[in-house]
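# Coordinate inspection notes
Given next are the chains, with one letter for each unit.
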Number of protein chains: 2
Amino acid sequence: PKHVGSGKVAGMGKPQVAAVLPAGGSGERMGVSTPKQFCTILGRPLISYTIQAFERVRWIKEIVVVVPAEKIDLMQSIIHKYGHKRVTLAEGGTARHRSILSGLKMLAQSESPVSKLWKPDVVIIHDAVRPFVEEDILLKVTAAANEHGAAGVVRPLISTVIASSEVGCLDYSLERAKHRASEMPQAFQFDAIFQAYLQSSDYDLDYGTECLQLALKYSSMPAKLVDGPPDLWKVTYSRDLYAAESLIKDGLSQYVCLITVMKEDVVQVGFLLHETLKTHGKQVKGISPSMCENVSQLQSLFKDKPCYNFICINTKESSFEDAEKMVDLLGSSSLPILYPVLLFSVHLVGPEGSSLYDKPQELEGIRDLSHKAMKKNIWVYGLVINLTKIEQQLQETVCRGAAIIMALIKDRCGTLAGQLLVA
Amino acid sequence: PKHVGSGKVAGMGKPQVAAVLPAGGSGERMGVSTPKQFCTILGRPLISYTIQAFERVRWIKEIVVVVPAEKIDLMQSIIHKYGHKRVTLAEGGTARHRSILSGLKMLAQSESPVSKLWKPDVVIIHDAVRPFVEEDILLKVTAAANEHGAAGVVRPLISTVIASSEVGCLDYSLERAKHRASEMPQAFQFDAIFQAYLQSSDYDLDYGTECLQLALKYSSMPAKLVDGPPDLWKVTYSRDLYAAESLIKDGLSQYVCLITVMKEDVVQVGFLLHETLKTHGKQVKGISPSMCENVSQLQSLFKDKPCYNFICINTKESSFEDAEKMVDLLGSSSLPILYPVLLFSVHLVGPEGSSLYDKPQELEGIRDLSHKAMKKNIWVYGLVINLTKIEQQLQETVCRGAAIIMALIKDRCGTLAGQLLVA
Ligand SMILES: [Mg+2]
Ligand SMILES: [Mg+2]
């Protein structure tokens, strides 16, 4: 996730840009009853991820989401729950192109005095089920549309495309080099695409495949084709949902924040943990508790790179006080709104045999804390690290601890929250 | 995984059938150094999954895997490690079609007296990176090839295919209804496809896109097109590897074997666990220890539906003896060769306060057992269930236990093996 300061789109003065996300798909291809844009990943509907991808881009001023009448309430609750700010809802038509037309009409109506919207210069059209769209490709298609009238992302063909004869046999294979798969996002000069849609025949609105094709047919705009990254693929089948989930979890597992105090044992374990996590490709930010005493400090620490994984090495051997403070702080911040936040409460157990297992009430501590934190979308895991004076042994223990932390960060499964694990 | 008893291919007498799997891809599209057919899922290379899919089909008598010279040793070790029986290795060419030609030559040479192979009537060509191929589609393309000379699987297009003009603008969109994506498997009458390859120009061997196209061009065989299932997609990008991993884990998490003895507590918990797992869609087989006292009993229990998840409710409250016996048995069977086997060692803790946590040596027990089992590809997890006389409470506890079991079965992450979890 990254933010962009400038409100400008490079090389085009400063056109006003809006987006339309048709979200009327019925999901029948996935063999599930929930349309795929409403399938959840880490508890949040896919469409919210796509909206978030657009909201990260500051120069996209308005996002019109088009859903069928029966999904308006659901969509409104999603917008509310995840704090989406720049979304306007429109009621969709029966077919994809009719939904896009509804979205365009809503933007066009902006000239009415009651509308809070305005008519954009350029409109981006994107699928609700392509959540990994990044700012750079949005910028490219927007700039190309501003210059050429229309633009769309293309990708090389993965499979050979063939034409079938009437008896179901191979007629011919298409030359791969000349053909491309047409993907999203696409962008258009608003007036031109709106006119194209208004002029479209009922047949084209019901069965037309491509916005680009409608723009060519009704507004004589041959779209500029822009090479896009592979991440723009459309979540179509169940396996695509799995892939999207893994990619989102990958993204969330990159950053780890490690909170340590200046105590000998803690610093030693903290240092080893830091090094081990770094060796495994994690970006680790080490901080002291004094650097995150209130929510605004916490928010400003993670302004540029939001972090959803925290490790807190407890100093009070027999209590969860430090972890509890962290839960309160994280729970008051906006961090857990979009993604679950993981908190590892690390307990150092002395070499003198003062085992946690002598005190079963310790276990209750982590379960109670986890139970409370879960309501705020924070998942707490206990991790016991046995201290030893033998450096090699301690290193191995910390390595195992890091492996456990990384596995839980990657799998992001809430069911194991509240467990006390042993490194 | 299913076996088919008949050696016949329906509707074609009894042609001899062999398969060629070209596995020379370099993986540059995935942005990783390991070619995707050698990327591992649950520790096993993708190509071994594809070979397994072919070995399940009894009427495919020989599988020729074609790899580059520098991968022969690696491939041989894979064949040995995972016990593949029907594979012959061939050295591949620089391009895909040259690899296929190498595979065909190896089968054609079968007429030489030193060859252990024979020349097939029909040859199936399939990608090493499409592991989810099922017997029914193999049967369909084989039967169609036997009748028509050539046959290949097609799928509807996901994206619109467009032609690009010379200046990189939209020229036209293809009509979706007339076009298909050509996928694998494909099958051919052996003599005809071998002749087609022998006659192919160097240009076609180096740059040709399609076996189907070569068959049409050089042997005038218009391939019969067969509609295939979506699972046949080609593992191309990292996200495809994620999707494949999730689908494989899904498959492995369907069946659970629950081992209980006739003791009151055990039966009560076992029954609740059974019911809960079934409610969540698992297929549960409940057995008694006497039904799996030796390897051949165990193998015959899971002949039709291999099961990779076992739950053993320990009766000796303070030991791992029952679980240990199960580890020995599973370790002597062939089950853990292809996939890791999960074993949950469930410990019932009495309501009289005889807590496991009074005995830290218990923890060592599960860790030691896990450590030993891990070497045999068996992952052991401890699970504590607190018994209570209050039925509602016990039910909730067992529900939490079932949730933990299902999460670990689904995520299949070895890092947490050896942990003692509390329901
Ligand atoms: Mg379109
Ligand atoms: Mg081909």
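Procedures and definitions
Residues numbered from 1 in each chain as written. Chains lettered and ligands numbered in written order. Predicted model: local features only at pLDDT ≥ 70, side-chain atom pairs only at ≥ 80, totals over all residues. Heavy atoms only, no water. Helix = DSSP H or I, 4+ residues; strand = E, 2+ residues; numbered from the N terminus. Buried < 20%, exposed > 50% of the residue type's maximum accessible area, 1.4 Å probe, protein only. Contact = heavy atoms within 4.5 Å. Areas by Shrake-Rupley, 256 points an atom, 1.4 Å probe, with all protein chains shown as cover. Core = buried A, V, L, I, M, F, W, Y, C linked by side-chain atoms within 4.5 Å. Least-squares fit on C-alpha atoms with pLDDT ≥ 70 in both. Phe/Tyr/Trp six-rings, centres within 6.5 Å; stacked < 30°, edge-to-face > 60°. Lys NZ or Arg CZ within 6 Å of the ring centre and 35° of its normal. Salt bridge = Lys/Arg side-chain N within 4 Å of Asp/Glu carboxyl O. Disulfide = S-S within 2.5 Å. Axes fitted to C-alpha atoms, helices over the stretch in contact; angles between N-to-C directions. Parallel < 35°, antiparallel > 145°, perpendicular 65-115°, else oblique. Left-handed = near helix turned anticlockwise from the far one by under 90°. Nonpolar A, V, L, I, M, F, W, Y, C, P; charged D, E, K, R; others polar. Pairing = 2+ DSSP bridges. Buried area = accessible area lost by both parts, 1.4 Å probe. Polar contact = N/O pair within 3.5 Å; in protein donor to acceptor, adjacent residues only side chain to side chain.

The next subject is the overall build of chain A. In terms of regular secondary structure, chain A is built from 14 helices and 17 strands. Residues counted as buried form 57% of the 423 residues belonging to chain A. Within chain A, contacts between residues separated by at least 24 positions form 76% of all contacts whose residues are at least 6 apart in sequence. Entry remark: accessible area of chain A is about 17400 Å², with carbon and sulfur atoms responsible for 51%.

Next up on the list: the nonpolar core. In this structure, Val65 and Phe310 of chain A together with Val65 and Phe310 of chain B are the most contacted members of the largest nonpolar core, which totals 224 residues. Residues in contact with phenylalanine 310 of chain A, not counting those within four places in the same chain, are Cys257, Ile259, Leu298, Phe302, Met326, Leu330, Leu335, Val341, Leu342, Leu343 and Phe344 of chain A.

A few words now on unusual backbone geometry. Leave glycine aside and you will find that most residues have negative phi; peptide bonds, for their part, are mostly trans. In this model, methionine 184 of chain A is joined to proline 185 of chain A through a cis peptide bond whose omega is 5°. Tracing the backbone through its elements, the reader meets proline 185 of chain A in strand S10 (residues 179–189). Positive phi, normally seen in glycine, also occurs at serine 220 of chain B, with a value near 55°. Look at serine 220 of chain B and you get exposed, because its relative accessible area is 60%.

In screw terms, the move from chain B to chain A is a rotation of 180° and a rise of 0.0 Å along the axis, fitting with an RMSD of 0.0 Å. With respect to symmetry, the two chain copies, as superposed, fit the operation of a two-fold axis. Most of the interface of chain B is mirrored in chain A: 100% of its interface residues are interface residues there too.

Applying the stated rule across the entire model yields 14 aromatic pairs over all chains. The interplanar angle of 65° and the centroid separation of 4.9 Å between the aromatic rings of tyrosine 308 of chain A and tyrosine 339 of chain A together place this pair among those described as edge-to-face. Of the two residues, tyrosine 308 of chain A sits in the loop between helix H10 (295–301) and strand S14 (309–313) while tyrosine 339 of chain A sits in the loop between helix H12 (335–338) and strand S15 (341–349), which places them 31 residues apart along the sequence. Pair check on accessibility: tyrosine 308 of chain A and tyrosine 339 of chain A agree, each one buried. Of the aromatic side chains, those joined through ring pairs into one cluster are Tyr49, Tyr308 and Tyr339 of chain A. Stacked on the ring of tyrosine 82 of chain B, the Lys or Arg arginine 44 of chain B has its end atom at 5.6 Å from the ring centre.

With that out of the way, let us pick up the pattern of salt bridges. Residue and element names in this part refer to chain B. Under the counting rule described, the total for this entry stands at 22 salt bridges over all chains. Residue lysine 217 pairs with aspartate 204 through a salt bridge whose shortest N-O separation is 2.7 Å. Of this pair, lysine 217 sits in helix H7 (residues 211–219) while aspartate 204 sits in helix H6 (residues 202–207); the two residues are 13 residues apart in sequence, bridging distant segments of the chain. One salt bridge connects glutamate 245 with lysine 249, and the closest N-O pair in it is separated by 2.7 Å. Taken together, the residues glutamate 245 and lysine 249, both in helix H8 (residues 238–252) and four residues apart, mark about one turn of the helix. Glutamate 245 sits in the partly exposed class, given a relative accessible area of 22%. A relative accessible area of 12% means that lysine 249 is categorised as buried.

Attention now moves to the state of the cysteines. Enumeration according to the criterion identifies zero disulfides over all chains in this entry. Note on cysteine 169 of chain A: no disulfide assigned, nearest cysteine sulfur contributed by cysteine 211 of chain B at a separation of 17 Å. With a relative accessible area of 10%, cysteine 169 of chain A lands in the buried category.

All names here are of chain A. Here helix H3 (residues 96–108) crosses helix H5 (residues 190–199) at 130°, and the two axes come no closer than 10 Å. Between H3 and H5, the angle is such that the two are oblique. Considering the relative orientation of H3 and H5, their crossing is left-handed. Side by side, H3 and H5 meet where His97, Ile100, Leu101, Leu104, Lys105, Leu107 and Ala108 of the first sit next to Phe190, Ile193, Phe194, Tyr197 and Leu198 of the second. Split by residue class, the contact of H3 with H5 holds 10 nonpolar, one polar and one charged.

Moving on: the sheet that holds strand S12 (residues 255–259) of chain B. Residue and element names in this part refer to chain B. The six strands lie next to each other as S13-S12-S14-S15-S16-S17, forming an open sheet whose pairing is parallel. What marks the edges here is a single partner per strand, and that holds for strand S13 (283–287) and strand S17 (420–422). Each strand axis lies, on average, 25° off the axis of its neighbour in the sheet, ignoring direction. Here strand S14 (residues 309–313) pairs with strand S15 (residues 341–349) via five bridges, running parallel.

Moving on to the interface of chain B and chain A. At the junction of the two partners, chain B supplies 66 residues and chain A supplies 66 residues. With both chains or domains summed, chain B and chain A bury close to 6000 Å², and 58% of this area falls on carbon and sulfur atoms. In this structure, the connection of chain B to chain A is made through zero salt bridges. Inspection of the chain B/chain A interface yields 26 residue pairs in polar contact (both at pLDDT 80 or more). Among the elements that take part in the side of chain B that touches chain A, helix H14 (residues 391–411) of chain B stands out by supplying seven residues, more than any other. Residue composition of the side of chain B that touches chain A, by class: 36 nonpolar, 13 polar and 17 charged. In the sheet, strand S8 (residues 160–164) of chain A pairs with strand S10 (residues 179–189) of chain B via four bridges, with the strands oriented antiparallel. For valine 161 of chain A, the partnering residue across the bridge sits in S10 of chain B and is alanine 181 of chain B.

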